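# Coordinates in review
These are the residues of each chain, in order.
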Amino acid sequence: MSAAHVRAVPPAVPGAAGRADVAAPLDRGRRELVLRRGRVSVVVARRSVVAVTVLVVLTLVVAVLTLATGDFPVAPADVLRALTGRAEGRTATVVLGWRLPRVVLGVVLGAALGVAGAMFQSLSRNPLGSPDIIGFSNGAYAGAVLVLLSGGTGYLTVAAGAVGGGLVTALVVYLLAWRRGVQGFRLIVVGIGVSAVISSVTTWLVLQAEVRLAVAATVWGAGTLNGVGWDQVRPAAGLGAVLLLGVVAVSRGMHALELGDDAGAALGVGVERTRLAVVVVGVALTAVATALTGPIAFVALAAPQLARRVLRAPGTTLVGSAAMGAFLLVACDLVAQRAFAPQQLPVGVVTVSLGGAYLVWLLVHEARSR
Amino acid sequence: MTQHPPAPLSARGLTLAYDRRTVATDLSVDVGPGSFTVVVGPNACGKSTLLRALSRLLAPAAGQVLLDGRDIARYRTKEVARRVGLLPQTSQAPDGITVADLVGRGRFPHQGLLSQWSADDERAVRAALAATGTTDLSGRLVDELSGGQRQRVWVAMVLAQQTDLLLLDEPTTFLDVAHQVDLMDLFAALHAAGRTVVAVLHDLNQAARYATHLVAMRGGEVVAQGAPGDVVTADLVRDVFGLDCVVVEDPVSGGPLVVPRGRAWPAPAPGPVPPREPVTVVGG
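Residues numbered from 1 in each chain as written. Chains lettered and ligands numbered in written order. Predicted model: local features only at pLDDT ≥ 70, side-chain atom pairs only at ≥ 80, totals over all residues.

## Looking at the overall build of chain A
On a plain count of helices and strands, chain A comes out with 14 helices and 3 strands. Computed over the C-alpha atoms, the radius of gyration of chain A is 22 Å, within 12% of the 21 Å expected from 2.2 N^0.38 for a compact globule of 370 residues. The dimensions of chain A, computed from C-alpha atoms along their principal axes, are 75 × 60 × 40 Å. Sequence-distant contacts, at least 24 apart, represent 71% of the contacts inside chain A between residues at least 6 apart. (Helix = DSSP H or I, 4+ residues; strand = E, 2+ residues; numbered from the N terminus. Rg over C-alpha atoms; globule rule 2.2 N^0.38 Å. Contact = placed C-beta atoms within 7 Å.)

## Remarks on the overall build of chain B
Scanning chain B from terminus to terminus reveals 9 helices and 12 strands. Against the 2.2 N^0.38 benchmark of 19 Å for 284 residues, chain B shows a C-alpha radius of gyration of 21 Å, consistent with a compact globule. With respect to the principal axes defined by its C-alpha atoms, chain B has extents near 75 × 45 × 40 Å. The buried share among the 284 residues of chain B stands at 43%. Considering only residue pairs separated by 6 or more positions, chain B has 62% of its internal contacts joining residues 24 or more positions apart. (Buried ≥ 20, exposed ≤ 12 C-beta atoms within 10 Å, placed from the backbone.)

## A few points about the sheet that holds strand E2 (residues 21-31) of chain B
Residue and element names in this part refer to chain B. Pairing is antiparallel in the open sheet, where 4 strands are placed in the order E2-E1-E4-E5. Each having just a single partner strand, E2 and strand E5 (70-71) make up the two edges of the open sheet. As paired strands, strand E1 (residues 9-18) and E2 are joined by 7 bridges and run antiparallel to one another. Bridging across to E2, Ala11 finds its partner in Val29. The strands touched by helix H1 (residues 47-54) within the sheet are E1, E2 and strand E4 (62-67), with E1 carrying the most contacts at an inclination of about 120°. (Pairing = 2+ DSSP bridges. Axes fitted to C-alpha atoms, helices over the stretch in contact; angles between N-to-C directions.)

## Description of the interface of chain A and chain B
Across the boundary between the two partners, chain A contributes 35 residues, which contact 41 residues of chain B. Broken down by secondary-structure element, the contributors of at least two residues to the side of chain A that touches chain B are strand E2 (32-37), strand E3 (40-45), helix H9 (230-257) and helix H10 (261-266) of chain A. Residues belonging to the side of chain A that touches chain B are distributed by class as follows: 19 nonpolar, 6 polar and 10 charged. (Nonpolar A, V, L, I, M, F, W, Y, C, P; charged D, E, K, R; others polar.)

## Regarding the UniProt feature "domain: ABC transporter" (unreviewed entry) in chain B
Feature annotation in UniProt places "domain: ABC transporter" (unreviewed entry) on residues 9-244 of chain B, given in this structure's numbering. Here residues 9-244 of chain B is 36% helix and 25% strand, with 34 Å between the C-alpha atoms at its ends. (UniProt positions renumbered as here; feature names shortened; annotations may be inferred.)

## Some points on H9 of chain A
Taking 1.5 Å of rise per residue, 28 residues should cover 40 Å, and H9 of chain A covers 38 Å from first to last C-alpha, within 8% of that figure. Of all the bends in H9 of chain A, the greatest, near 45°, is centred on Ser251 of chain A. (Expected span 1.5 Å × (residues − 1). Bend = angle between axes of the 7 residues up to and from the residue.)

## Looking at helix H7 (residues 184-208) of chain A
All names here are of chain A. Look at H7: 36 Å from first C-alpha to last across 25 residues, which is about the 36 Å you get at 1.5 Å a residue. Residues of H7 that are buried: Gly184, Leu187, Ile188, Val190, Gly191, Val194, Ser195, Ile198 and Thr202. Residues of H7 that are buried in the fold lie against helix H3 (89-124), helix H4 (131-134), helix H5 (136-149) and helix H6 (155-176).

## Focus: the pairing of strand E6 (residues 84-87) of chain B
Residue and element names in this part refer to chain B. Going residue by residue along E6, you find Val84 and Leu86 tucked away on one face and Gly85 and Leu87 tucked away on the opposite face as well. Pairing analysis gives 4 bridges linking E6 to strand E7 (residues 165-169), with the strands arranged parallel. Note on E7: the bridge partner recorded for Val84 is Leu165.

## Observations concerning the sheet that holds E6 of chain B
Residue and element names in this part refer to chain B. Pairing within the open sheet is mixed, and its 6 strands lie in the order E6-E7-E8-E3-E9-E10. In this open sheet, the two strands that pair with only one neighbour each are E6 and strand E10 (221-226). For this sheet, the mean inter-axis angle between neighbouring strands, taken without regard to orientation, is 15°. The sheet contact formed by strand E3 (residues 36-40) and strand E8 (residues 196-200) spans 4 bridges and is parallel. Pairing of Phe36 across the sheet is with Val197, part of E8. Each of E6 and E7 is contacted by helix H5 (residues 147-160), which is oriented at about 165° to E6, the strand it contacts most.

## Some words on the environment of Val228 of chain A
Residue and element names in this part refer to chain A. Looking at the element boundaries, Val228 is found in the loop between helix H8 (211-222) and H9. We classify Val228 as buried; it has 21 C-beta atoms within 10 Å. In this structure, the C-alpha to C-alpha distance between Val228 and Thr157, residues 71 residues apart in sequence, is 16 Å. Val228 has contacts with Pro101, Arg102 and Leu105, leaving out every residue within four places of it along the chain.

## A short note on the environment of Ser55 of chain B
Note that Ser55 of chain B resides in the loop between H1 and E4. As a C-alpha pair, Ser55 of chain B and Ala24 of chain B span 31 residues in sequence and 16 Å in three-dimensional space. If we ignore the near neighbours within four places in the chain, the residues touching Ser55 of chain B are Ala266 of chain A together with Val84, Leu86 and Leu167 of chain B.

## Focus on the packing of helix H4 (residues 119-131) of chain B against H5 of chain B
Residues and elements named next belong to chain B. For the pair H4 and H5, interaxial distance at closest approach is 8 Å and the crossing angle is 140°. The pairing of H4 with H5 is recorded here as oblique in orientation. Relative to H5, H4 is oriented so that their crossing is right-handed. Along the contact surface, H4 presents Ala124, Val125, Ala128, Leu129 and Ala131, while H5 presents Ala156, Leu159 and Ala160. Across the contact of H4 with H5, the residue classes tally to 8 nonpolar, no polar and no charged. (Parallel < 35°, antiparallel > 145°, perpendicular 65-115°, else oblique. Left-handed = near helix turned anticlockwise from the far one by under 90°.)

## Topic: the packing of H5 of chain A against H7 of chain A
Residue and element names in this part refer to chain A. Where H5 meets H7, the axes come as close as 9 Å, and the angle between the chain directions of the two elements is 25°. One finds that H5 runs roughly parallel with respect to H7. The crossing of H5 and H7 is left-handed. Across from Asn138, Gly139, Tyr141, Ala142, Val145 and Leu149 in H5, the residues of H7 making contact are Ser195, Ile198, Ser199, Val201, Thr202, Leu205 and Val206. When its residues are assigned to classes, the contact of H5 with H7 shows 8 nonpolar, 5 polar and no charged.

Next comes the structure, spelled out in structure tokens:
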């Protein structure tokens, strides 16, 4: 195996300037795992590994709970049997055919939203810089509503409308915010403005529409995982995997830009090129999620900040945000399904309620820290 | 080696502009190898803009910046970052980042997707911390440091980049006087250790004391350049800064020392300075 070792944090020795022992491990303020083999070297904070593992385990627990409960309760042991292909009949149909795709989609889209939020918050260097605040979610909703009202039916048509709406909104916000490059705070303020315009237009469109279409549009707009099946999971997982490559490709430049545009450029980052790539990948991740479920608010806003605090990671953490986003969405969806059973709430209603409280806390916290 | 080694970094006939506002035209400056070049001038004279062009942060509207004789625009960005380090005027430490972590970010141009924290990276960070006297701070959060410590840490980040050219954009601006001297001494030590340093400074006396080559700018033009002892004269200061002053010998370094007059002590008619009412100065 490679040379892996745990570096302990040595106690701070005041007044030891200039006597630093060359062989002593470099104190980076936390315990880390370093893996080096040939030209490959990776470093991860131990706390991050532990925290992400805990989040994954929690997500699995919630997933099994979701698979086990409902109108047709299944014992956890039977759930595991079904998952390993050793169940048949009604149990297999309920667990694998009905409930599993919903849980899998929750994990995939929650992770996608968490990462998208982290990317925009990194880009804008602001915890408010998430796709739901900047207006991409509203844009996607407007696109979907336009398609629904102009007679479009079918899942793919509406999804295409959502992706189109999200991308057009992103382009408009990006161009309006452009002045000698795109600056984070301007992106947020322009985004909030554009978002308000779009949502008022959407409201007007829905009010004009005949009742049946208006109801369809409103249901879609709440953001829900109700009624999804494997047909939705496959494209989401496929696109998610492709976008993951994009995330990996831009992540290093993105983190370097967190030091400021000038510092990033001086370190060899192509500033505007990287920024555009981050926007494109982030919008694509948001659009994939929104196209499948409608706008699910606040996961993208809250997951990166919660992850950062749990992991105690500097700046933004993409892996942590993905794990936190998946956990949040799956947990919220469990609440949405079971809280008022047999009534099924859209998961968007639950995330909005939790997220609203979080947003208030965030704004107060931000205002105090300035 | 030739008798006159070529300048590692030079500006040739630069026109510098933001959007349509032209800051400088036909600007040419050489940064001598091993020099401590300091650019001075009043606010908005284009000195920071020149530094941005030299570090490739700003593409000139006309003219070229040459790095080792080759147009800097034709290098790959990471290649430039391995040759030229820049301490920008403003930068942000991400929330919750530790000193060693921030200094490690300086390794970016040497790293890749697979090589994220090599033994070389660790050695470079360790050396940068030692050179700036911040080794003891390495595990601390950057947010918790004093202004002087924080600026040292940013310098360490640039040093971790391991470039032989070091560009500094007003590095002492927000520090108190003791930390300013401290930091300038650090730059002098880095220069003595073999690095070529280019700094933009506000303080003429600091510039005169530490520079081996002084460049005075006004209105986007180089007004004078050379050794501080030759360049810093009362006439030049009046010309460049519009300030009446007396240039005396610095009792510490032996170089020129600018003593401003201000309106309260106008240039005397030949004769002794008339006595004045005492003025109480409250230091801040």
